[in-house]
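# Breakdown of the fold
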Amino acid sequence: MDQNNSLPPYAQGLASPQGAMTPGIPIFSPMMPYGTGLTPQPIQNTSSLSILEEQQRQQQQQQQQQQQQQQQQQQQQQQAAQQSTSQQAAQVASGQAPQIFHSQTLTTAPLPGTTPLYPSPVTPMTPITPATPASESSGIVPQLQNIVSTVNLGCKLDLKTIALRARNAEYNPKRFAAVIMRIREPRTTALIFSSGKMVCTGAKSEEQSRLAARKYARVVQKLGFPAKFLDFKIQNMVGSCDVKFPIRLEGLVLTHQQFSSYEPELFPGLIYRMIKPRIVLLIFVSGKVVLTGAKVRAEIYEAFENIYPILKGFRKTT
Amino acid sequence: MSSTACRLYRNTTLGNRLQEILLQFDKAINSALAQRVRNRVNFRGSLNMYRFPDNVWTFVLNNVEFREVTELTKVDKVKTVACNSKNTGSITTE
């Protein structure tokens, strides 16, 4: 009994499993499970629910900090021709931007149902894979205005016959070597060449472009040509949107001069050539933005999400 | 109708004279339209169909209003066939 009192308080419960067999020697075997209190830990509330809550709160706070760091990183990154692998390294050891480093304890979530008496040892802040910052999304979706696509009808065409018999067709071989045909639904224009290749422009969505191209192919088919529908491909998509605030174009061209070109005497808009994704944006003082050069819709959306924080930084305040 | 009938009898005395008269008719109508017609008519309608092979325009318009300084005429359907000429004239048929 006396020897039990001499033990440190955390070992008292462990030292004497059965009173009758107590040899008086404290049982400190190397088989003790790790993390049962041998290392000194800050005293925390040991009820399982609150531990879970605290760990979740810590993780949320850390994610928010990482989002803030990410936003600052993004501005620097776009100046330095984005490198995603260095992002994690930059988070841990960057001295450029003023960042608040909270040295919070990062604890892994315990298994459900278990109650860890003492939390696991403090680990250094491990870089979490950056999540898309939901708080920074612009809430503006660019609208598609024009889609250009091509398709191969797979047979040689007699353009004179098509122009003579088809409705809404023009053919002026002295001016241009293709039949220009238009349909009302979807409102599109097609250039049909004698090789059998066709360009379809003016549709507002990918599905409409495909549907219109099929309608043109059907018209050609009804005129007696063995038209097929080979290699339909969308070549270009144009979108536009409005950020709803005026923009300082001169500032933007100063800081992003590797990407932008702005000649107000030539054209009133700034031409921003984004590298990734490869999209060209026309940015105007009014806040209207035109995005072009995309092969898929996601590139337009991604380009706009990339440019929006930059434009916010050059908002005109007068 | 004229395409199904036999054109064999055009090469007769009567037929030849009539063909000469047709040529005279062409010349007369062209000069009359060029010289004697001076008024200007505007017309406006919704375009139903257009066509342009061999430099000949064909339009089909609906709900057309023919507007002259003096009067106004409304028509349901107008088919216009037009081609280039020296004085950019046009021929209109109903």
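None of these values were measured; they are calculated from a predicted model. Just so you know, the residues in each chain are numbered from 1, in the order the chain's sequence is written. Labels follow written order: the first chain is A, the first ligand is 1, and so on. This being a predicted model, a pLDDT of at least 70 is required before a residue's local features are given, and a value of 80 or more before pairs of side-chain atoms are given or counted; all residues contribute to the totals for chains, interfaces and linings. Computation of side-chain values covers all heavy atoms of the structure but excludes hydrogens and water.

### A closer look at the overall build of chain A
What counts here: Numbering of helices and strands runs from the N terminus; a helix is a DSSP stretch of H or I covering at least four residues, while a strand is a stretch of E covering at least two. Think of it in three bands: residues with accessible area under 20% of the maximum for their type are buried, residues over 50% are exposed, and the middle band is partly exposed, with areas taken using a 1.4 Å probe on protein chains only. We call two residues in contact whenever any of their non-hydrogen atoms come within 4.5 Å of each other. Computed by Shrake-Rupley with a 1.4 Å probe, the accessible areas treat only the displayed protein chains as cover when residues are assessed.
Broken down by element type, chain A carries 8 helices and 10 strands. For chain A, the proportion of its 318 residues judged to be buried stands at 34%. Relative to all contacts within chain A whose residues are 6 or more apart in sequence, the contacts with residues 24 or more apart total 61%. As displayed, chain A offers around 19600 Å² of accessible surface, 57% of which is attributable to carbon and sulfur atoms.

### Examining the interface of chain A and chain B
Which entries qualify depends on this criterion: Buried area: the accessible surface (1.4 Å probe) lost by two parts on joining, summed over both. Note on definitions: salt bridges are taken to be side-chain nitrogens of Lys or Arg within 4 Å of carboxyl oxygens of Asp or Glu. For this analysis, a polar contact is any N or O atom pair within 3.5 Å, provided that within protein one partner can donate a hydrogen and the other can accept it, and provided that sequence-adjacent residues contribute only side-chain to side-chain pairs.
On the side of chain B, 10 residues touch chain A, which itself brings 15 residues to the contact. Both faces considered, chain A and chain B share a buried interface measuring about 1100 Å² in area, 40% of it formed by carbon and sulfur atoms. At the junction of chain A and chain B, the tally comes to 1 salt bridge. B:D54 is paired through a salt bridge with A:K160; the nearest N and O atoms lie 3.9 Å apart. On the surface where chain A and chain B come into contact, there are 10 residue pairs in polar contact (both at pLDDT 80 or more). If you list the elements that add at least two residues to the side of chain A that touches chain B, you get α5 (159–165), β2 (169–170) and β3 (178–183) of chain A.

### Quick word on the packing of aromatic side chains
The geometry of an aromatic ring pair is captured by the separation of the ring centres together with the interplanar angle, meaning the angle of the planes. Residues and elements named next belong to chain B. Applicable threshold: Stacked, tilted and edge-to-face are the three classes assigned to paired rings of Phe, Tyr and Trp, where Trp is represented by its six-membered ring and a pair needs centres within 6.5 Å; plane angles under 30 degrees give stacked, over 60 edge-to-face, the rest tilted.
Taken as a whole, this structure holds 9 aromatic pairs over all chains when the rule is applied. Aromatic side chains W57 and F59 sit 5.2 Å apart centroid to centroid with 10 degrees between the ring planes, which places their arrangement in the stacked category. Residue class for W57 comes out partly exposed when judged on its relative accessible area of 27%. F59 sits in the partly exposed class, given a relative accessible area of 26%.

### Some words on a nonpolar patch on the surface
Going by this rule: Each patch groups residues whose relative accessible area exceeds 30% and which form no salt bridge, using 9 Å between like charges and 5 Å between nonpolar side chains of Val, Leu, Ile, Met, Phe, Trp and Tyr.
A surface patch of nonpolar side chains, amounting to about 470 Å² of accessible area, comprises B:L22, B:F25, B:I29, B:L33 and B:V37. Here B:L22 is to be found in helix α1 (residues 13–35).

### So, helix α8 (residues 297–313) of chain A
Residues and elements named next belong to chain A. As a reminder, the rule being used: Multiplying 1.5 Å by the helix residue count minus one yields the expected span of that helix. We define the bend at each residue as the angle formed by axes fitted to the 7 residues ending at it and the 7 residues starting at it.
In this model, α8 (17 residues) spans 26 Å end to end at C-alpha, consistent with the 24 Å of a helix rising 1.5 Å per residue. Roughly 30 degrees is the biggest bend found in α8, and it falls at I307, with proline P309 one to four residues downstream. Here α8 has its buried residues at I300, A303, F304, N306, I307, Y308, I310 and L311.

### Observations concerning the pairing of strand β3 (residues 72–83) of chain B
Residues and elements named next belong to chain B. The condition is simple: Between any two strands, pairing holds if DSSP finds at least two bridges.
Both strand β2 (residues 56–67) and β3 contribute to a ladder of 11 bridges, which runs antiparallel. In the sheet register, F66 faces β3, and the bridge partner there is T73. The hairpin turn running from β2 into β3, its antiparallel successor, is 4 residues long.

### Some details on unusual backbone geometry
Residue and element names in this part refer to chain A. Here the bond from E185 into P186 is cis, since omega is -5 degrees, no more than 30 degrees from zero. By the secondary structure assignment, P186 is in the loop between β3 and β4 (188–193). The linkage connecting K276 with the following residue, P277, adopts the cis geometry, with an omega of 0 degrees. Residue placement: P277 occurs in the loop between β8 (270–274) and β9 (279–283). Of note in this structure, N168 is not a glycine but carries a positive phi near 55 degrees. Take N168: it is sitting in the loop between α5 and β2. The exposure class of N168 is buried, given its relative accessible area of 13%.

### Notes on the pairing of strand β1 (residues 143–152) of chain A
Residue and element names in this part refer to chain A. Bridge analysis of β1 against strand β6 (residues 230–242) gives 8 bridges, and the strand direction is antiparallel. What sits directly across from L144, in β6, is G239. As paired elements, β1 and strand β5 (residues 197–203) share 5 bridges and run antiparallel to each other. For T150, the partnering residue across the bridge sits in β5 and is V199.

### Thoughts on the pattern of salt bridges
Residue and element names in this part refer to chain B. Under the criterion given, the structure shown has 8 salt bridges over all chains. Linking R17 and E20 is a salt bridge whose minimum nitrogen-to-oxygen distance equals 3.0 Å. Of this pair, R17 and E20 both sit in helix α1, 3 residues apart, roughly one helical turn. The shortest N-O distance in the salt bridge between K74 and E65 comes to 3.6 Å. Overall, K74 belongs to the exposed group, its relative accessible area being 61%. It is possible to trace a salt-bridge network through shared partners that takes in E65, R67 and K74.

### Description of the side chain of A:S205
Examined against the element boundaries, A:S205 turns out to sit in the loop between β5 and α6 (206–222). Here the side chain of A:S205 touches A:Q208 through a polar contact of 3.2 Å, landing on its backbone nitrogen.

### Regarding α6(A)
Residue and element names in this part refer to chain A. Applied cut-off: As used here, the arc is the angular range of directions from the helix axis to the C-beta atoms.
With 17 residues, α6 extends 25 Å from end C-alpha to end C-alpha; this agrees with the ideal 24 Å at 1.5 Å per step. Buried residues of α6: S209, A212, A213, Y216, A217 and V220, and no others. For α6, the angular spread of the buried residues around the axis is 140 degrees, confining them to a single face. Turned more than 90 degrees off the buried face of α6, the exposed positions are E207 and K222. If you follow the buried residues of α6, they end up packed against β1, β3, β4, β5 and β6. Just past α6, the residue G224 takes up positive phi, approximately 110 degrees.

### A closer look at the side chain of A:S149
Assignment of secondary structure puts A:S149 in strand β1. One polar contact links A:S149 to A:S209, side chain to side chain, over a distance of 2.8 Å.

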